[in-house]
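Architecture and fold: a report
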Amino acid sequence: MSLQIDIRKLSLFNRMAKQGANTVANHLSQMTGMETEMEITKTNFIDIRDIREHMGHEKQVGIHIELVEQPYGYILFLFSVGSAKQLAHGMMGGMGEPAKKGFSDMEKSAVQEIGNIMTSGFIDGWANVLQTTIDFSTPTFTYGPASKTVESLVGHRDDDVAMVLDSRVCVPDSNVEVKVYTFPELEQLVRMMRKIEV
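Here is what the cut-offs are and how they apply
- Residues numbered from 1 in each chain as written.
- Predicted model: local features only at pLDDT ≥ 70, side-chain atom pairs only at ≥ 80, totals over all residues.
- Heavy atoms only, no water.
- Axes fitted to C-alpha atoms, helices over the stretch in contact; angles between N-to-C directions.
- Helix = DSSP H or I, 4+ residues; strand = E, 2+ residues; numbered from the N terminus.
- Left-handed = near helix turned anticlockwise from the far one by under 90°.
- Contact = heavy atoms within 4.5 Å.
- Nonpolar A, V, L, I, M, F, W, Y, C, P; charged D, E, K, R; others polar.
- Expected span 1.5 Å × (residues − 1).
- Buried < 20%, exposed > 50% of the residue type's maximum accessible area, 1.4 Å probe, protein only.
- Pairing = 2+ DSSP bridges.
- Phe/Tyr/Trp six-rings, centres within 6.5 Å; stacked < 30°, edge-to-face > 60°.

1. Considerations on the packing of helix H1 (residues 11–32) against helix H4 (residues 105–130)
Packing of H1 against H4 brings their axes to within 7 Å, and their N-to-C directions diverge by 145°. Of the two elements, H1 crosses H4, and the hand of that crossing is right-handed. The residues of H4 that touch H1, namely those facing Leu12, Arg15, Met16, Gln19, Gly20, Ala21, Thr23, Val24, His27, Leu28 and Met31, are Ile114, Ile117, Met118, Ser120, Gly121, Phe122, Asp124, Gly125, Trp126, Asn128, Val129 and Leu130. For the contact of H1 with H4, the residue count by class is 13 nonpolar, eight polar and two charged.

2. Some words on H1
One turn of the α-helix equals 3.6 residues, which is why residues spaced by three or four share an orientation. For H1, spanning 22 residues, the distance from its first C-alpha to its last is 32 Å, which sits close to the expected 32 Å at 1.5 Å a residue. All of the buried residues along H1 are Leu12, Phe13, Met16, Ala17, Gly20, Ala21, Thr23, Val24, Ala25, Leu28, Ser29 and Thr32.

3. Some details on the pairing of strand S3 (residues 73–79)
Most of S3 sits out of view: seven of its seven residues are buried. What you see with S3 is no split at all: Gly73, Ile75, Phe77 and Phe79 on one side and Tyr74, Leu76 and Leu78 on the other are buried throughout. Where strand S2 (residues 59–67) lies against S3, seven bridges are found, and the strand directions are antiparallel. Bridged to Glu66 within S3 is Tyr74. Sheet topology places S3 next to strand S6 (residues 177–184); seven bridges connect them, and they run antiparallel. Within the sheet, the bridge partner assigned to Gly73 lies in S6 and is Pro184.

4. Examining the packing of aromatic side chains
Inspection of the entire model under this criterion finds four aromatic pairs. On the numbers, 6.0 Å between centres and 70° between planes, the contact of Phe103 with Tyr143 is edge-to-face. Within this pair, whereas Phe103 is found in the loop between helix H3 (81–92) and H4, its partner Tyr143 is found in strand S4 (residues 140–145), the two being separated by 40 residues in sequence. Residue Phe103 is classed as buried on the basis of its relative accessible area of 11%. Ring centres of Phe122 and Trp126 lie 6.1 Å apart, and the angle between their planes is 50°; this geometry places the pair in the tilted category. Remark: Trp126 and Phe122 occur in helix H4; sequence separation between them is four residues, near one turn of the helix. Grouping residues by exposure puts Phe122 and Trp126 together as buried. What links up through ring pairs into an aromatic cluster is the set Phe77, Phe122 and Trp126.

What follows is the structure, given as structure tokens:
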């Protein structure tokens, strides 16, 4: 199938990103008690073979989900270890001691729950723009090089390119930063967009 789309519909990419981002920031502020801002940095179309380099090889905490309905694909949230721990302890409300090495089960569980909140916010924003509902899997926690995480998600694809929405969640009063990457199946997404009136 061709990926051609009416140029007037390209604004839908931005609307999806903005709606998803704003919903995430609101949900996260409510759950962690931290004032949260979300910014979309850019929408990229990246050659699948170059994705590992784009993501970098630094060890990071990842939370990813699979979209089990159209447009299919994955959403990945990446945190530095420090950001993940700060958010986790904001969520835990001071319960439990920080693990000295790696993550305790309680910390992992809190980060996964944060991933769940962020994912549902992001997907709600997308679903509103695409005028549909989108179901997704339970969040999966990973810790390791970002390049390996993303390779395991999209390295097997037949597509030549992946659409990557680079977004950041910032907590102004701390050093917390979360990067959000989305990897929808492009053909499915284009098919959905073609049905929307602009």
